[in-house]
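Notes for the structure review
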Amino acid sequence: MVVAGRLWGVISASVKSDVRFPADTESQIARFTELVATAIENADARAELAASRARIVATADQTRRRIERDLHDGVQQRLVSLTLRLRATQAAVPARFDGLRRELDSIAVGLVDAMDELREMARGIHPAILIEAGFVPALRALTRRSRVPVDLRVPATMRLPERLAINGYYIVSEAVTNAVKHAQASIITITIGITDDVLRIEVHDDGIGGADLAAGTGLLGLKDRAEALGGRLHIDSPRGQGTTLRAEFPITTDDAGLPHPEV
């Protein structure tokens, strides 16, 4: 059996008596080895594709993290420094130049607003709290910023390997964002746990439903992210009955040492 131009294995046949093989035995074995070689090659190709997709996702996440760090350590710190200098200059302006002081104050407020916007942008690219504090604190910070009330149900002690934490966070974040923007919901419920060595994430809203994976790149991107890491994602969204997003990620041997929370 030759797979992708290399010898993968050999099939041989023999008899223990004087009975001969049927005349077409050799051709049948040859066809069978071709089928086996094709099946092995296809399996290898699928495995390589899955590994490639996982590497692409991991690389993108690392890039996000680097951009967030550069924004925090570079641009944000520069804006903080400029704001402090501006406030010092404002304080040094004599009281008789009241118009100038008000103008400087307006500029300082604008700088603070710009920092807040930049901080929010950096958080969207990659939330630093996810790495610094952990999965659950990052989720709590995410839900506090939501304009729609969120009921977060996750074990307080849950800690995940970075691979699962990052992808779990992004799936929850995108699902909440979609619910806030499109669902017209009054509440969002997030349930996360680990059962049978599978991380299970469910995000449900009581909105108008009608969400479709094929209708937008955001949800489709979540599906691609889940599948690239060996997981799966499903959306149930009947019109008028809300939307439920479910994602599952297997906990593999690469995640050895994960402390299982009490669910």
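Note that the coordinates shown come from a computational prediction; the quantities given were computed from them, not determined experimentally.

1. Description of the confidence of the model for the protein
- Residues of the protein with pLDDT of at least 70 account for 84%, and the chain-wide mean is 81.
- Per-element averaging of pLDDT across the protein places strand E1 (residues 2–3) at the bottom with 74 and strand E3 (residues 150–153) at the top with 95.

2. Examining helix H4 (residues 135–144)
- Burial analysis of H4 places seven of its ten residues in the buried class, the great majority of the element.
- Buried residues of H4: Phe135, Val136, Ala138, Leu139, Ala141, Leu142 and Thr143, and no others.
- On the buried face of H4, the contacting elements are helix H3 (128–132), E3, helix H5 (162–183) and strand E4 (188–195).

3. Observations regarding the pairing of strand E7 (residues 243–250)
- In this structure, strand E5 (residues 198–205) lies alongside E7, joined through eight bridges in antiparallel fashion. Residue pairing in the sheet places His204 in a bridge with Thr244 of E7.
- Pairing geometry for strand E6 (residues 232–236) and E7, over five bridges, is antiparallel. Note that in E7 the partner of Ile235 across the bridge is Leu245.
- From the end of E6 to the start of E7, which pair antiparallel, there are six residues, and Gly240 there has a positive phi angle of about 80 degrees.

4. Quick notes on a nonpolar patch on the surface
- A cluster of nonpolar side chains, Val2, Leu7 and Val10, forms an exposed patch at the surface whose accessible area comes to about 340 Å².
- When you line up the elements, Val10 lands in the loop between strand E2 (6–7) and helix H1 (25–92).
- Residue Val10 is classed as exposed on the basis of its relative accessible area, which comes to 69%.

5. Thoughts on the pairing of E4
- E4 sits mainly inside the fold: six of its eight residues count as buried.
- Taken together, the four bridges between E3 and E4 define a ladder with parallel strand orientation. Note on E4: the bridge partner recorded for Arg153 is Thr191.
- For the segment spanning E3, H5 and E4, crossover handedness is left-handed.
- When E4 meets E5, the two strands line up antiparallel, connected through eight bridges. Counted as the bridge partner of Gly193 is Arg200 from E5.

6. Concerning the environment of Val75
- Residue placement: Val75 occurs in helix H1.
- Classification of Val75 by relative accessible area gives partly exposed; the value is 40%.

7. Details of the packing of aromatic side chains
- For the coordinates displayed, the defined rule picks out one aromatic pair.
- An angle of 70 degrees between the planes, with centres 6.0 Å apart, marks the rings of Tyr169 and Tyr170 as edge-to-face.
- Note on Tyr169: relative accessible area 2%, which makes it buried.
- Taking the relative accessible area as the measure of exposure, Tyr170 reaches 8% and is therefore buried.

Cut-offs applied
Residues numbered from 1 in each chain as written. Predicted model: local features only at pLDDT ≥ 70, side-chain atom pairs only at ≥ 80, totals over all residues. Heavy atoms only, no water. pLDDT = per-residue confidence, 0-100. Helix = DSSP H or I, 4+ residues; strand = E, 2+ residues; numbered from the N terminus. Buried < 20%, exposed > 50% of the residue type's maximum accessible area, 1.4 Å probe, protein only. Contact = heavy atoms within 4.5 Å. Pairing = 2+ DSSP bridges. Patch = residues over 30% accessible without salt bridge, like charges linked within 9 Å, V, L, I, M, F, W, Y side chains within 5 Å. Areas by Shrake-Rupley, 256 points an atom, 1.4 Å probe, with all protein chains shown as cover. Salt bridge = Lys/Arg side-chain N within 4 Å of Asp/Glu carboxyl O. Right-handed = clockwise from strand over helix to strand, strands pointing away. Phe/Tyr/Trp six-rings, centres within 6.5 Å; stacked < 30°, edge-to-face > 60°.

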